[in-house]
Amino acid sequence: MAVIHHTTLSPTKLELLAAWLPLKPWYRGAGDLTRLANAGGFRLDDPEGEVGIEFMVVTDTSGGEPVAHLVPLTYRGAPLDDAGDGLVGTLEHGVLGPRWVYDGAHDPVLVRQLAELLAGRATAQAQSESDAPDPTVEVRPLRAAPAAAPAGSGKVADTADATVIGLGPAEGAGPLFDLTLARVLRPRPAADGDGVLGQVLAGWTAPDGAARRGVFALLRAAGH
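Residues numbered from 1 in each chain as written. Predicted model: local features only at pLDDT ≥ 70, side-chain atom pairs only at ≥ 80, totals over all residues. Heavy atoms only, no water.

Caption draft 1: View of the nonpolar core. Counting 32 residues, the largest nonpolar core has Phe42, Phe55 and Leu114 as the members making the most contacts within it. When contributions to this core are tallied by element, the ones reaching two or more residues are strand S2 (36-44), strand S3 (52-60), strand S4 (67-76), helix H2 (108-118), strand S9 (162-168), strand S10 (177-182), strand S12 (196-205) and strand S13 (211-221). Sequence-distant contacts of Leu114, defined by excluding residues within four places in its chain, comprise Leu44, Phe55, Leu179, Leu181, Val200 and Ala217. By size, the runner-up hydrophobic cluster in this structure holds 15 residues, among which are Leu16, Trp20, Leu21 and Val88. (Core = buried A, V, L, I, M, F, W, Y, C linked by side-chain atoms within 4.5 Å. Buried < 20%, exposed > 50% of the residue type's maximum accessible area, 1.4 Å probe, protein only. Helix = DSSP H or I, 4+ residues; strand = E, 2+ residues; numbered from the N terminus. Contact = heavy atoms within 4.5 Å.)

Caption draft 2: How the structure looks around the pairing of S13. Both S10 and S13 contribute to a ladder of 5 bridges, which runs antiparallel. When the sheet's bridge partners are listed, Leu179 is paired in S13 with Leu219. In the sheet, S12 pairs with S13 via 9 bridges, with the strands oriented antiparallel. Residue pairing across strands places Trp204 opposite Arg212, the latter belonging to S13. Following S12, the chain reverses through 5 residues before pairing antiparallel with S13; Gly209 in that reversal takes a positive phi of roughly 90 degrees. (Pairing = 2+ DSSP bridges.)

Take a look at the structure:
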């Protein structure tokens, strides 16, 4: 169970993201990230209790229309080997001390736990409360859940509005699944067809206070 500490962060998460987001090909804002806001999200637990896992929604209002971005993050007490491309930055946590913050698409713990969520073996947790399942997160699980989550994480590729992670059973084997993280969130119903095996739907809050809901993650057979 992840323990949520209500304490200070220096710099804040939004301050870290203000420097990192404009570097990503799927960023849709106008660049004035002083108008970036936390719009919601959820967490997953690391069974080992070492890595914080958060699916954070940030809304950028710097352009003509607000854009909600999904930013999956992990928080670690030490650098993650071979994940330099995924480093968002470092911050000082008021209770836990130095934390290394990673884009979760590059962190095998987040990828594994998201696969477990899709298989129905993990539960989405509230973003700001300890030991509090989030019933608003809807999981349409794998139609035929494997005995274990895919163990091998392959290439991570950014597109214009998503990040695609190749998943396979072992190192050296070709990917069996494509795990897609929606980076630009849009209000829409569940996806259908196109080889969809499972998906996660969740909500966020628009700048005007309106509730929005859409697909956060999709699992497809590789090549679809």
